[in-house]
Amino acid sequence: MSHSPPPGTPKARIPGPQQPPPPYPRIPAGLWRRCLGGGFALWALTAWVTYETRNGTLLPTLILLGGFLVPVAFVLWAYERHGRDLGVSAILGCFLAGGALGALGASLTGSYLLRPSLGMFAGAGPIEEGAKVAALVFVLRRQPGIRGLRAGLVLGAAVGFGFAALESVGYAFTAAVSAEGIELRALLETEFLRGVLAPFGHGLWTAIAGGVLLSRRRLNGHFRFAAPMVGTGLGVSLLHALWDSTQGIAIWMVARLTGTGIQGRLFTQGYLVRPSPEQGHLFTLFSVGGLALVALAGVGWARSLVRRDTPWRNTP
């Protein structure tokens with residue numbers, strides 16, 4: 001005969017089944033926001049201290065912060081929202097190794113194949129986009145399980161943002177160093193402008209190319225460069241070329257509308273010599289409007305890929 005335990009006796013608790021820890025690090029939600037906000041505050045503080053003290057040793061810190069701030073924040077956002085199961089090593093490998101290899105490959109091929117001319121803008125797009133896709137293939141060559149549209153979008157964006165960060169650092173350094181000395185204002189303007197435009201450039205174009213590439217990857221890990229991939233490469237190269245030549249196109253349109261002559265070298269330089277107020281306003285309108293149209297085309301293309309594969313099938 002069983003007796004009930006006296007009142008106040010502690011009851012034994014049977015532990016329930018424990019969930020295994022996730023295979024990816026627990027990154028708190030919203031880390032990309034704190035990275036972007038805190039990084040921008042640190043960049044602004046570094047810029048102010050550099051301006052007040054005229055200390056040239058702070059320039060590398062300022063350039064690196066400005067070049068990597070927005071790309072790192074967007075990669076964190078992509079990892080947090082869509083890429084946790086892909087692994088930190090794949091994300092970091094694509095961002096660091098992929099971005100560096102893409103920049104090196106584009107620089108080497110561009111130095112041999114391109115010369116300053118009107119055709120430089122058309123040639124730079126295929127070379128740089130091809131170098132970034134090749135870097136993505138190289139990083140993922142031994143990870144056959146990573147495939148699918150979502151993986152391609154995330155990892156392609158990581159390669160593109162790594163490329164953009166290194167390119168921004170180079171442009172900022174070039175803008176800062178001149179024959180007259182250190183041009184701090186030009187450095188800050190370059191970093192701020194490239195930081196604002198970064199989400200609509202290299203990261204977006206390589207995300208589109210990576211999404212199409214990995215969505216058609218075979219189960220054994222082999223990459224298929226069929227007609228859809230070739231068409232995608234040509235499409236993102238066209239977006240790249242239009243983005244780079246926006247200022248030149250704006251100059252040509254201003255010259256046509258105002259009835260002034262124009263030389264080919266002004267198209268390659270991308271700026272007007274002693275423009276009138278009307279020409280200055282038209283140039284700003286056409287250049288900014290052109291960048292907005294190219295950005296909208298890229299965003300619309302990426303969204304169409306996502307809508308075509310809403311459940312994110314064929315992803316690890």
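All figures in this text were calculated on a predicted structure; none of them were measured in a lab.

**A look at the overall build of the chain**
Next, step 1: Assigned secondary structure in the chain consists of 11 helices and 2 strands.
Next, step 2: Sequence-ordered secondary structure for the chain, helices as α and strands as β, is α-α-α-α-α-β-β-α-α-α-α-α-α.
Next, step 3: Sorting the 316 residues of the chain into buried and exposed places 40% on the buried side.

**Some details on helix α8 (residues 227–244)**
Residues lying three or four places apart along an α-helix face the same way, a consequence of the helix completing one turn every 3.6 residues.
Next, step 1: With 18 residues, α8 should reach 26 Å at 1.5 Å per residue; the first-to-last C-alpha distance of 26 Å fits that figure.
Next, step 2: Of the residues making up α8, those classed as buried are Met 229, Thr 232, Gly 235, Val 236, Ser 237, Leu 239, His 240, Ala 241 and Trp 243.

**A look at the environment of Ala 157**
Next, step 1: Positionally, Ala 157 belongs in helix α5 (residues 149–176).
Next, step 2: In this structure, Ala 157 is in contact with Gly 152, Gly 203, Thr 206 and Ala 207, ignoring residues within four places of it in sequence.

**A word on empty space enclosed by the protein**
Next, step 1: Taken as a whole, this structure holds 1 cavity of 30 Å³ or more when the rule is applied.
Next, step 2: Approximately 30 Å³ is the volume found for the largest cavity.
Next, step 3: Those elements that provide at least two residues to the lining of the largest cavity are α2 (59–82) and α6 (184–197).
Next, step 4: A per-element tally of the lining of the largest cavity places α2 first, with 4 residues.
Next, step 5: Counted by class, the lining of the largest cavity contains 3 nonpolar, 4 polar and 2 charged residues.

**Looking at the side chain of His 202**
Next, step 1: Structurally, the position occupied by His 202 is in helix α7 (residues 202–215).
Next, step 2: A distance of 3.0 Å separates a polar atom in the side chain of His 202 from a polar atom in the side chain of Glu 167.

**Structural notes on the pattern of salt bridges**
Next, step 1: Within the structure shown, the criterion is met by 4 salt bridges.
Next, step 2: The salt bridge involving Asp 85 is made with Arg 150; its shortest N-O contact spans 3.0 Å. Within this pair, whereas Asp 85 is found in the loop between α2 and α3 (88–113), its partner Arg 150 is found in helix α5, the two being separated by 65 residues in sequence.

**Let's talk about the layout of surface pockets**
Next, step 1: A volume near 630 Å³ is recorded for the second largest pocket.
Next, step 2: Residue lining of the second largest pocket: 20 residues in total, with Phe 74, Trp 77, Leu 204, Ala 207 and Ala 302 positioned closest to the centre.
Next, step 3: For the lining of the second largest pocket, the elements supplying multiple residues, two or more each, are α2, α5, α7 and α11 (277–308).
Next, step 4: Taken together, the residues of the lining of the second largest pocket sort by class into 15 nonpolar, 2 polar and 3 charged.

**Brief notes about helix α1 (residues 31–53)**
Next, step 1: With 23 residues, α1 ought to run about 33 Å at 1.5 Å a step, and its terminal C-alpha atoms sit 32 Å apart, in line with that.
Next, step 2: Within α1, the full set of buried residues consists of Gly 39, Trp 43, Thr 46, Ala 47 and Thr 50.
Next, step 3: For α1, the secondary structure elements touched by its buried residues are α2 and α6.

**Overview of a positive patch on the surface**
Next, step 1: On the surface, Arg 216, Arg 218, Arg 224 and Arg 308 cluster together into a patch of positive charge.
Next, step 2: Note that Arg 224 resides in the loop between α7 and α8.
Next, step 3: In this structure Arg 224 comes out as partly exposed when scored by relative accessible area, which is 34%.

**Thoughts on a nonpolar patch on the surface**
Next, step 1: Where nonpolar side chains cluster on the molecular surface, the patch consists of Leu 238, Leu 242, Ile 249, Trp 252 and Met 253 and spans about 430 Å² of accessible area.
Next, step 2: Elements with a contribution of two residues or more to the nonpolar patch: α8 and α9 (246–258).
Next, step 3: Element by element, the count of residues in the nonpolar patch is highest for α9, at 3 residues.
Next, step 4: Classification of Trp 252 as partly exposed rests on a relative accessible area of 46%.

**Things to note about the side chain of Ser 287**
Next, step 1: Among the secondary structure elements, Ser 287 is positioned in helix α11.
Next, step 2: For Ser 287, a relative accessible area of 9% puts it in the buried group.
Next, step 3: The residues touching Ser 287, leaving out its near neighbours within four places in the chain, are Thr 246, Gln 247 and Ala 250.

Cut-offs applied
Residues numbered from 1 in each chain as written. Predicted model: local features only at pLDDT ≥ 70, side-chain atom pairs only at ≥ 80, totals over all residues. Heavy atoms only, no water. Helix = DSSP H or I, 4+ residues; strand = E, 2+ residues; numbered from the N terminus. Buried < 20%, exposed > 50% of the residue type's maximum accessible area, 1.4 Å probe, protein only. Expected span 1.5 Å × (residues − 1). Contact = heavy atoms within 4.5 Å. 1 Å grid on protein atoms, 1.4 Å probe; cavity = no way out; pocket = protein on both sides within 12 Å on 5 of 7 lines; lining within 4 Å. Points joined across faces, edges and corners; volume = space filled by probe spheres on them. Nonpolar A, V, L, I, M, F, W, Y, C, P; charged D, E, K, R; others polar. Polar contact = N/O pair within 3.5 Å; in protein donor to acceptor, adjacent residues only side chain to side chain. Salt bridge = Lys/Arg side-chain N within 4 Å of Asp/Glu carboxyl O. Patch = residues over 30% accessible without salt bridge, like charges linked within 9 Å, V, L, I, M, F, W, Y side chains within 5 Å. Areas by Shrake-Rupley, 256 points an atom, 1.4 Å probe, with all protein chains shown as cover. Lys, Arg positive; Asp, Glu negative; His and termini not counted. Charge placed at Lys NZ, Arg CZ, Asp CG, Glu CD.

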